[in-house]
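Architecture at a glance
Residue-level listing of the chains:
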Amino acid sequence: MAILKIARMGHPVLLARCEPVGDPGSAEIRRLVADMFETMEDAQGAGLAAPQVHVPLRLFVFRAVPDRLSGDEEDVPMPNTVVINPEIELLTNDRVLRWEGCLSIPGLRAAVPRAPRIRYTGVDCDGNRAERVVSGFHAGVVQHEYDHLDGILYPMRMKDFSLFGFNEELSRVPRPAPTGA
Ligand code: NI
């Protein structure tokens, strides 16, 4: 396994519309997924999409650790998980603001409008198809990672740029509670 170099905002690979994965079980994809798990853990991230490691394919990895979750029963905890060739459906028309960071935008975070509840599908490297209805943190991280596959970074989703800043500054004062979107 290897820790991969993460592309930062400004690199064109982050704006690409990614191509579907032809063979999720191939040795190349298995190696990529293993390296992405290792890279995500090394960077202490909650998710990582293939274009962030310079591979413009439709797959991402993520984890939803219990201490990040909202408490909602649909905010399902997940160990390291890969989602290949995902589809996503937003289940509500409303949006809530969620604080997010991105390994391609280091040091910053922002309150980003997201659907509170989604359904998503995808396969893993063994061809197992998953379909999940989720909310809260789990729903937010999946929307964030899915966006990467269409070349969308979280600032492109923002409406209120006053809720955008450096982690160090935002942690000095009580974090403003995002309300509506
Ligand atoms: Ni990201």
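Quick caveat, the model's predicted, so the values are computed rather than measured.

**Here's the deal with the coordination of the nickel ion**
Protein ligation of the nickel ion involves Cys102 (SG), His144 (NE2) and His148 (NE2), the donor distances falling in the range 2.1 to 2.3 Å. Here the donor residues for the nickel ion map to a single chain with the spacing C-x41-H-x3-H. Separated by 42 residues along the polypeptide, Cys102 in the loop between β4 (96-100) and β5 (108-114) and His144 in helix α2 (residues 136-149) bring together distant segments of the chain. Overall, the relative accessible area of 9% leaves Cys102 in the buried class.

**Some remarks on the side chain of Thr121**
Its location among the elements puts Thr121 in strand β6 (residues 117-123). The class for Thr121 is buried, based on a relative accessible area of 11%. Residues in contact with Thr121, not counting those within four places in the same chain, are Val83, Asn85, Pro86, Glu87, Arg129, Ala130 and Glu131.

**Focus on the sheet that holds β4**
If you walk across this open sheet you meet the three strands as β4-β5-β8, and the pairing is antiparallel. The sheet terminates laterally at β4 and β8 (164-166), the two strands that pair on one side only. In this sheet, adjacent strand axes meet at a mean angle of 25° when their direction is disregarded. Across five bridges, the pairing between β4 and β5 is antiparallel. The residue bridging Glu100 from the neighbouring strand is Ala110, located in β5.

How each quantity is defined
Residues numbered from 1 in each chain as written. Predicted model: local features only at pLDDT ≥ 70, side-chain atom pairs only at ≥ 80, totals over all residues. Heavy atoms only, no water. Donors = N, O, S within 2.8 Å, 3.2 Å for Na, K, Ca; no water. Helix = DSSP H or I, 4+ residues; strand = E, 2+ residues; numbered from the N terminus. Buried < 20%, exposed > 50% of the residue type's maximum accessible area, 1.4 Å probe, protein only. Contact = heavy atoms within 4.5 Å. Pairing = 2+ DSSP bridges. Axes fitted to C-alpha atoms, helices over the stretch in contact; angles between N-to-C directions.

By themselves these figures say nothing about function.
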